Structures are given as structure tokens and as C-alpha cells.
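Chain by chain, the residues run as shown.
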Amino acid sequence: MVFGFSVSAQADYGTQKVAYHVNYDNAKRQGGALRNIQNHINAVGAKNMDIRVVMHGMGLSLLLLPEEAKNTKFPTGNATDAMQAKIASLKDQGVTFKVCANTVKGKKVNVSDHLYDAESSDIVPSGVAELSHLQQKGFTYLRP
């Protein structure tokens, strides 16, 4: 019961395609975004979701290893052990994380050395272009 109403664990929301936009470096807000994504999956079901997290600009700090920030043009990295656990759990449920190539180049980031669990296949030419492309393909845009 929620506020006197019976709520099923998973409502029938059908299938959903969602692009989550992260371009801010506040670790607390980034953690909140990851909780929003988990809540979204809990409500709709992982098998009914296609979720992409698109990061550019300061948002790339979500995947930046704290000890590697000094080797980039980022002031800090937010991929602590706790954040890594949340990211890994979401990836296990099918969430993909996309990284802006412009940010990688501009912030002097070495993807394999500086970012948590990122590969060259996660790089997109432009974060903002990727968001627009996903919206054209029917993805809902969310920026928590």
C-alpha cells in the first residue's frame, strides 16, 4: 500500500527506450541519477527497457576514477567503489553508458586508463548529437 493505494511491483508500462543525460559533475546528483535509473527499471522491468546514459562535458566525471583525475583536465573523478558498484549493477541489467569523444579529447582522457569499465565501443562522436539521434529514434529524453 502506498498512500492507501495498492501498487503492484511492476505496472504494465510496456517497453520503453530512454536516454538519460548527464553533463554535470556533482557526485551526489550523479548518484541520484543512477538511483532514478534503478527505480525506472524496477517499475518497468529490465527486459522492457533500452536505457542509454549519455555523458559529456563534466558529466564524464561519473566514470572517472578518482586517482586518475590528476592525469586529465578534470578536477575530480566520481567513480568511487560505491559508484562503480551502482554502475556495474545497472550494466548487468542492460543499461549502456555512452561517452562523448569531444569530451575525451578536450579533457585529455585515456578511456582505458582513466574511466571505469569503458571501452572504445562506448565512445560516440558527440554527446549532444547522440542525444538528438536517440530522440529521433524514439527515445525519451530525461535529465535527472
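Going by the structure above, here's the rest.
Definitions and cut-offs
Residues numbered from 1 in each chain as written. Predicted model: local features only at pLDDT ≥ 70, side-chain atom pairs only at ≥ 80, totals over all residues. Heavy atoms only, no water. Helix = DSSP H or I, 4+ residues; strand = E, 2+ residues; numbered from the N terminus. Rg over C-alpha atoms; globule rule 2.2 N^0.38 Å. Buried < 20%, exposed > 50% of the residue type's maximum accessible area, 1.4 Å probe, protein only. Core = buried A, V, L, I, M, F, W, Y, C linked by side-chain atoms within 4.5 Å. Contact = heavy atoms within 4.5 Å. Pairing = 2+ DSSP bridges. Axes fitted to C-alpha atoms, helices over the stretch in contact; angles between N-to-C directions. Parallel < 35°, antiparallel > 145°, perpendicular 65-115°, else oblique. Left-handed = near helix turned anticlockwise from the far one by under 90°. Nonpolar A, V, L, I, M, F, W, Y, C, P; charged D, E, K, R; others polar.

1. A closer look at the overall build of the chain
Reasoning step 1: Regarding its fold elements, the chain presents five helices and five strands.
Reasoning step 2: Secondary structure elements of the chain, listed N to C terminal, follow the sequence β-α-β-α-β-α-α-β-α-β.
Reasoning step 3: Radius of gyration (C-alpha) of the chain: 16 Å, near the 15 Å computed for a compact globule of 144 residues.
Reasoning step 4: Seen through its principal axes, the chain has C-alpha atoms that stretch 50 × 35 × 20 Å.
Reasoning step 5: Taking all 144 residues of the chain together, 43% fall into the buried category.

2. Concerning the nonpolar core
Reasoning step 1: Counting 33 residues, the largest nonpolar core has I37, F97 and L115 as the members making the most contacts within it.
Reasoning step 2: Of all elements in the fold, only β1 (16-22), α1 (27-44), β2 (49-55), α2 (81-92) and β3 (96-100) reach the threshold of two or more residues within this core.
Reasoning step 3: The element that contributes the greatest number of residues to this core is α1, accounting for five residues.
Reasoning step 4: Every residue in contact with L115, bar those within four places of it in the chain, is listed here: L60, L63, L64, L65, V99, V109 and N110.
Reasoning step 5: The next biggest cluster of nonpolar side chains, apart from the first, holds five residues, and it includes A19, V54, L131 and F139.

3. A short note on the sheet that holds strand β4 (residues 123-124)
Reasoning step 1: The five strands lie next to each other as β4-β3-β2-β1-β5, forming an open sheet whose pairing is parallel. In the strand order of this sheet, the two ends are held by β4 and β5 (140-142), each with one partner.
Reasoning step 2: Lying on the sheet, α1 is in contact with β1, β2, β3 and β5; it crosses β1 at an angle near 175°.

4. Some details on the packing of α1 against α2
Reasoning step 1: Where α1 meets α2, the axes come as close as 11 Å, and the angle between the chain directions of the two elements is 25°. By the angle between their axes, α1 is roughly parallel relative to α2. You can see that α1 and α2 cross each other, and the crossing is left-handed. Only M83, K86, I87, S89 and L90 of α2 make contact with α1, whose side of the interface consists of A27, Q30, G31, L34, R35, I37, Q38 and I41.
Reasoning step 2: Broken down by class, the residue content of the contact of α1 with α2 amounts to seven nonpolar, four polar and two charged.

5. Details of unusual backbone geometry
Reasoning step 1: At K108, a position not held by glycine, the phi torsion is positive, near 60°.
Reasoning step 2: Considering the arrangement of structural elements, one finds K108 in the loop between α3 (101-106) and α4 (111-114).
Reasoning step 3: Of note, the phi angle at D117 is positive, near 50°, even though the residue is not glycine.
Reasoning step 4: Turning to its location among the elements, D117 is positioned in the loop between α4 and β4.
Reasoning step 5: A relative accessible area of 40% places D117 in the partly exposed class.

Fair warning: the whole summary comes from geometry, so function is off the table for now.
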